[in-house]
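Chain by chain, the residues run as shown.
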Amino acid sequence: MADASCPVPFSTYERVVLAHGGGGRVMHRLIDELFLAAFGADPLRAQHDGAVIEVSGLLAVTTDAFTVRPLVFPGGDIGSLAVHGTVNDLVCCGATPTQMTVSFILEEGLALERLRAIVGSMAAAAREVGLTIVAGDTKVVERGKGDGVFISATGLGRVITPGPLSPSRVRPGDAVLVTGPVGDHGVAVMLEREGLSVDTVGDFVSDAASCLPQLRALLDAGVDLRCLRDPTRGGLATVLNEIARAAEVGVHLDDAAVPVRAEVRDACELLGLDPLYVACEGRLVVFVPEPDAPAALAALRATPGSEGAARVGAVTREHAGLVMAASSFGTTRVLDLLSGEQLPRIC
Amino acid sequence: MCLAIPGLVLERFDGPGGLPFGNVRFGAVRREVCLAYVPEAGVGDYVIVHVGFAIQRLDEAAARETLRLIGAGA
Amino acid sequence: MRWVDEFRDPAAARRLADGIATAMTRPWTVMEICGGQTHTIARYGIEDLLPEGLTLLHGPGCPVCVTPLEIIEAARALALRKGVVVCSFGDMLRVPGARGDLLDARSRGGDVRVVLSPLDAVQLAARDPSQHYVLFGVGFETTAPATAMAAELARRLDLDNFSLLTSHVRVPPAMAQLLSDPEGHIDGFLAAGHVCAVEGLADYPAIAARFGAPIVITGFEPVDILDGLLRCVLQLEAGRHEVENQYARAVRADGNPAARATVDAVFEVVDAPWRGLGVVKEGGLAMRSSWARFDARRRFDLTVAPADEPTTCRSGLVLTGRLLPTQCPEFGRGCDPDRPLGAPMVSTEGACAAYYQFRRSAIEERA
């Protein structure tokens, strides 16, 4: 009879209420029964104000906020997405993820079962890459002031590459690879949104995944990695533009070589989207010296999830700051940044 | 202008307000399309769809003729 | 028949481009008046395949871009009213009016939704009687039947919480106006295939005869465009000016009579402003007074006062073919897709934006 004094026991709530962020017993039970049960790390169990961790060597740090609608989509949910996103940012720094801190902003009214599932998939995704969640926080906002769950995460990782990965190391002549087909995540999420009234016949699953195996495979193959980037918002075209600008080089993209699954292409035709600008959450763009490209590609293709890796282009001295896409017609065009998010179009 | 793409009519049914509708497949995606403007289109026909409306039934013989004239494979 | 891939065949494209080069004995200027075609031309770099002497002009073929400023302002005002939801197509949301676009209205608390079909807006209204849903319906003759059917469905469902703010325009009158411009120099036209899928060919023989310009109804894939251009050039070289149908797989001579009948029931032909072109005689459609119940302008007593484009915008010259986008002094300087001065810089279908997005190297070459 632990809670005779509690006027409303935790178990009667099926949804998030403001009290879940209020600092009282209701909040503590949420932390104990939902978060600690899933994450179960010692530093977290200590329930201190923060975690103390020992560091040696180079440390990579990244921070990111995650919002996605719907919260659950084919191939993942916002919980696994937050881990994969954080892991992939660390991977792009040449690091293997070690610890992570998370804060949840919960909207009043969110079903606790849904939250439990999200936290569960977050824990599973973290375990998969040996990542420990060492500190966390929960706040609750009034109904209508949030989109179910927002997650903010900070990841720490140990650098495992021999040298730094950076756009500044990209050189004319380098090969550009992608670790798999592009656009799956963005299309899978968009098709799930209410109001689009589009059904699927084929297979639409987000590519959201950790790219740590790809980094390890590339390092094991002895490839000299220049730069890694995960093509999330704005997709492949946007990432290539960012690198072209930062490195002051041109990027030549071979349109026909970019792997896009037929299903994704069909959906993009229907919605009037360009798959080159659609987000991935489990892919890397890899810049390597040309002589290392065959080994890099072979290593990637031997890695589960990256069987569809492809060489898509090359870095050029000409057209510095621009991405030039070559069409199957032998013509080229500038592949620019978009003004904003792609919206389904009629014309 | 006017993004319109070819799709295959999978079935016909009565939609809201008694309007004729069809399930139309565009490769791996499918959506409900108003067929009020292509009363002659049946299951198995290809139609061209713009903003949720089939605006024409596609003519395969005409397509093959265009391809023949330009010497492209059909 | 896969309907699309066959018409993206690079070998066929090269053969057609060679055919154009062989046929040409003197320079010609051809205008396409369809944003979908402009998009394909830019995306596949079609102009790089063409002989020097063939100039392509990109006409006012983007229906969201020719929507007048004042109508966008009216849509913004509606979106900001309590209890009103404005539904439109995704590409309409970023077209700036005099003071901002619909995304800006949304950031100010307006309820703006993206729909893929006008009927989706009717169904939203049917499911949620607590709010009034306005379909902001824009487009060429291709889209007008869908808007008209939305009105018809609302009537059948007897909806009191649905109305339409429309800005539909008609392409052939705009073509005639462009051809009658004494300073213009358009030798031939690629006509918009999907407009003709609805309207048929009836409007064009008179225009072709009056201005001595060949008109080729053309599809949207790269091979279609090159085929359309070849047919146009062959006519020009032979001194012919006929209406030819390259897009026969989707365009019948009489178009789609059922679609036209519904459009005629809901709309009447009126003189209408095109952004960048000014008022085009018989260039638009307005809802008939018998549909007043579903006409947002009447229901909300909207005043739609004409608004002026920024004076530095030369879109009129670009849209009439007197100036290439890259020749405009503001191109890439005072005007880009993030801060468009005028309509053609707005969506990737707009003539200026298509140049900007796909051919920005032109800026570097010029600088």
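For every chain, the first residue of its written sequence is number 1, and the numbers climb from 1 along that sequence. Numbering of ligands from 1 and lettering of chains from A proceed in the order in which they are written. For a predicted model such as this one, the threshold for reporting local features is a pLDDT of at least 70, and the threshold for listing and counting side-chain atom pairs is 80 or more; totals across whole chains, interfaces and linings nevertheless cover every residue.

### A word on the nonpolar core
A general feature of soluble globular proteins is that nonpolar side chains tend to end up buried together.
Link 1 in the chain: To form a nonpolar core, buried Ala, Val, Leu, Ile, Met, Phe, Trp, Tyr and Cys residues must be joined through C-beta atoms within 7 Å. Any residue whose C-beta has 12 or fewer other C-beta atoms within 10 Å is treated as exposed, any with 20 or more as buried, and any in between as partly exposed, C-beta atoms being built from the backbone. In this structure, Ala54 of chain B together with Val134 and Ala150 of chain C are the most contacted members of the largest nonpolar core, which totals 153 residues.
Link 2 in the chain: Residue pairs qualify as contacts under a 7 Å threshold applied to their C-beta atoms, which are placed from the backbone. Valine 134 of chain C has contacts with Leu78, Val84, Val85, Val86, Cys87, Ser163, Leu164, Leu165 and Ala296 of chain C, leaving out every residue within four places of it along the chain.
Link 3 in the chain: By size, the runner-up hydrophobic cluster in this structure holds 104 residues, among which are Phe39, Ala123, Ala279 and Leu284 of chain A.

### Considering unusual backbone geometry
Link 1 in the chain: In this structure, the amide linkage connecting arginine 69 of chain A to the following residue, proline 70 of chain A, adopts the cis form with an omega of 0°.
Link 2 in the chain: Under the DSSP-based scheme used, a helix requires at least four consecutive residues in state H or I and a strand at least two consecutive residues in state E, with every element numbered from the N terminus. Here proline 70 of chain A lies in the loop between strand 1 (59–66) and strand 2 (72–73).
Link 3 in the chain: The backbone of aspartate 158 of chain C sits at a positive phi, close to 55°, despite the residue not being glycine.
Link 4 in the chain: The phi dihedral of glutamate 282 of chain C falls on the positive side, at around 55°, and the residue is not glycine.
Link 5 in the chain: Relative to the helices and strands, glutamate 282 of chain C is located in strand 11 (residues 278–287).
Link 6 in the chain: Here glutamate 282 of chain C falls in the partly exposed class, since 15 other C-beta atoms lie within 10 Å of it.

### Re the pairing of strand 7 (residues 188–192) of chain C
Residue and element names in this part refer to chain C.
Link 1 in the chain: For strand 7, the tally of buried residues reaches five of five residues, placing the bulk of the element in the interior.
Link 2 in the chain: The pairing of strand 1 (residues 28–32) with strand 7 spans three bridges and is parallel. The residue of strand 7 that forms the bridge with valine 30 is glycine 188.
Link 3 in the chain: When DSSP finds two or more bridges between a pair of strands, those strands are recorded as paired. Alignment of strand 7 against strand 8 (residues 215–218), held across four bridges, turns out to be parallel. Its bridge partner being in strand 8, phenylalanine 189 is matched across the sheet by isoleucine 215.

### With respect to the interface of chain B and chain A
Link 1 in the chain: Contacts between the two partners involve 13 residues from chain B, matched on the other side by 16 residues from chain A.
Link 2 in the chain: When contributions to the side of chain B that touches chain A are tallied by element, the ones reaching two or more residues are strand 2 (20–26) and strand 3 (29–34) of chain B.
Link 3 in the chain: Among the elements that line the side of chain B that touches chain A, the one with the most residues is strand 3 of chain B, at four residues.
Link 4 in the chain: Residues are sorted three ways: Asp, Glu, Lys and Arg are charged, Ala, Val, Leu, Ile, Met, Phe, Trp, Tyr, Cys and Pro are nonpolar, and all the rest, Gly among them, are polar. Within the side of chain B that touches chain A, the residues separate by chemical class into eight nonpolar, one polar and four charged.
Link 5 in the chain: In the sheet, strand 8 (residues 198–200) of chain A pairs with strand 3 of chain B via three bridges, with the strands oriented antiparallel. Counted as the bridge partner of threonine 200 of chain A is valine 29 of chain B from strand 3 of chain B.

Nothing here speaks to function; it is geometry throughout.
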